[in-house]
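Observations on the three-dimensional arrangement
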Amino acid sequence: MATKTELSPTARESKNAQDMQVDEALIPRKVPSLCSARYGIALVLHFCNFTTIAQNVIMNITMVAMVNSTSLQSQLNDSSEGLPVDSFGGLSKAPKSLPAKCSILGGQFAIWEKWGPPHERSRLCSIALSGMLLGCFTAILIGGFISETLGWPFVFYIFGGVGCVCCLLWFVVIYDDPVSYPWISTSEKEYIISSLKQQVRSSKQPLPIKAMLRSLPIWSICLGCFSHQWLVSTMVVYIPTYISSVYHVNIRDNGLLSALPFIVAWVIGMVGGYLADFLLTKKFRLITVRKIATILGSLPSSALIVSLPYLNSSYITATALLTLSCGLSTLCQSGIYINVLDIAPRYSSFLMGASRGFSSIAPVIVPTVSGFLLSQDPEFGWRNVFFLLFAVNLLGLIFYLIFGEADVQDWAKERKLTRL
């Protein structure tokens, strides 16, 4: 009994020290980084996400031109002049493409389950996911211009051609695991395999649905993603309308101002991934890094939006706050959005799709609730909308901070039969 008492604290310390971080003794010291197979795959996924979201956005950008093309030829000029107005606002219709995005994200996380070393997953996932932001920026910036100068069919030809190229890259470059990859170096293959030894990667097992439904860490991720999507949806749909109604300047008329928040978010999102992995190299616990990234991506963004009604400055200041809020919100990519890879790498693709599917309820609810608040109280309606956003975001964040974990859950581990 004395021996067990002495070893028990050591065992607990060992578990905390592991915390999904990689045993340095198992990993080769010199391995390729940027010019490597895993970063090449991240880049391919970046452009696949780019073309997927860009095609969703241009559907809304060209909608006006497609409808007006059936009218008189004299109406085409008027419709083309209105295209940039709908380019930003069209994102409010994004929920119709959410099922596709959920399936795409789920498939990507199945790749990182076998390709992403735990202490590099933040940057790899950030590189891949940031392609969505670059797709929004590009489609908003040039989609209306292409439709106006060349005609709306060329928008589909150009972005569709880019999508075909990305599809070919996917078929050629993407493999299930490093073992079957033909162009990977031996050192990198050993590096990835050794870094994933602590994780379960063996035979397939049925989904533990009951255990998932009873898992508080899973619910903390779902609710945290829901609250963050509430923030993002309000930023995309209502902040431009707020600036237009208060300052009488419609930033949707300016393609560059409409696209600026997305390019800033693209940069900050990738930088955030590198910073998260840097903290892991400084012996920060994985769950600490995930929660820090989630806090920085949620609280400052919502606080900046809440402060908008109290600013009596120009629309440039309000637009700058919107841009900064949108940029900081992408830090959650290195936090709550990849947490499923930590707690259940075996089922990460399913859980990613499920959590994003749950969070997609927010973009459906936000327009209804916000519209009701604005119609009931024209004077303080905007304050009510922004305070509700802050409350929802804060509640989801608190729930995640209390119940969020980064250890592989017991139900996500391999179940072995033992014989007595």
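No experiment lies behind these values; they were computed from the predicted model shown. Every chain begins its residue count from 1, and numbering advances along the sequence as written. Local features in this predicted model are restricted to residues of pLDDT 70 or higher, and side-chain atom pairs are both shown and tallied only at a pLDDT of 80 or more, whereas totals for entire chains, interfaces and linings draw on every residue. Side-chain metrics in this entry use all non-hydrogen atoms of the structure; hydrogen atoms and water are not considered.

Details of the overall build of the chain
Operational definition: Strands are runs of DSSP state E lasting at least two residues, helices are runs of H or I lasting at least four, and both sets are numbered from the N terminus onward. The buried label applies to any residue whose accessible area, calculated with a 1.4 Å probe on protein chains only, is under 20% of its type's maximum; exposed applies above 50%, and partly exposed to all values in between. We call two residues in contact when some of their heavy atoms are within 4.5 Å. The Shrake-Rupley method, run with a 1.4 Å probe, gives the accessible areas here. Residue values count only the displayed protein chains as cover.
A count of helices and strands for the chain gives 19 helices and 0 strands. The buried share of the chain, taken over its 420 residues, is 50%. Intrachain contacts of the chain at a sequence separation of at least 6 include 86% that bridge at least 24 residues. Of the roughly 19,500 Å² that the chain leaves accessible, carbon and sulfur atoms contribute 66%.

Regarding a nonpolar patch on the surface
Our working rule: What makes a patch is a set of residues exposed beyond 30% relative accessible area and free of salt bridges, joined within 9 Å when like-charged and within 5 Å when nonpolar (Val, Leu, Ile, Met, Phe, Trp, Tyr). Take a side-chain nitrogen of Lys or Arg and a carboxyl oxygen of Asp or Glu: if they are within 4 Å of each other, that pair is a salt bridge.
There is a patch of nonpolar side chains on the surface, built from L150, F154, Y157, I158 and V162 and spanning about 470 Å² of accessible area. Among the structural elements, Y157 can be located in helix α8 (residues 152-173). The class for Y157 is exposed, based on a relative accessible area of 57%.

Some remarks on the UniProt feature "transmembrane region" (unreviewed entry) in the chain
Filter applied, for reference: UniProt positions are given in the numbering used here, feature names are shortened, and annotations may be inferred rather than shown by experiment.
Mapped onto the present numbering, the UniProt feature "transmembrane region" (unreviewed entry) falls on residues 124-146, 152-175, 259-280, 292-310, 316-338, 350-373 and 385-403. Annotation note: span residues 292-310, helix share 79%, strand share 0%, distance between end C-alpha atoms 28 Å. The straight-line gap between the two end C-alpha atoms of residues 385-403 is 27 Å; of that span, 100% is helix and 0% is strand.

Thoughts on the pattern of salt bridges
Under the defined criterion, the tally for this structure stands at 5 salt bridges. Residue E120 is joined to R38 by a salt bridge in which the shortest nitrogen-to-oxygen separation is 2.7 Å. In this pair, E120 is assigned in the loop between α6 (98-115) and α7 (121-149) and R38 in helix α2 (residues 37-61), connecting sequence segments 82 residues apart. Take E120 and R38: they sit in the same class, and that class is buried.

Thoughts on the packing of aromatic side chains
Geometry of an aromatic ring pair is reported as the spacing of the ring centres plus the angle between the planes. What counts here: A pair of Phe, Tyr and Trp rings is counted when the ring centres sit within 6.5 Å of each other, with Trp represented by its six-membered ring. The angle between the planes then sorts it: under 30 degrees is stacked, over 60 is edge-to-face, the rest tilted.
Inspection of the entire model under this criterion finds 15 aromatic pairs. Measuring from ring centre to ring centre gives 5.3 Å for Y175 and Y181, while their planes differ by 85 degrees; the resulting arrangement is edge-to-face. Overall, Y175 belongs to the partly exposed group, its relative accessible area being 27%. Ring plane angle 70 degrees and centroid distance 6.3 Å describe the contact between Y238 and W382, whose orientation is recorded as edge-to-face. Placement of the pair is Y238 in the loop between α11 (216-237) and α12 (239-247) and W382 in helix α19 (residues 381-403), with a sequence separation of 144 residues. An aromatic cluster is present here, built from W115, Y175, Y181 and W183 joined pairwise through their rings.

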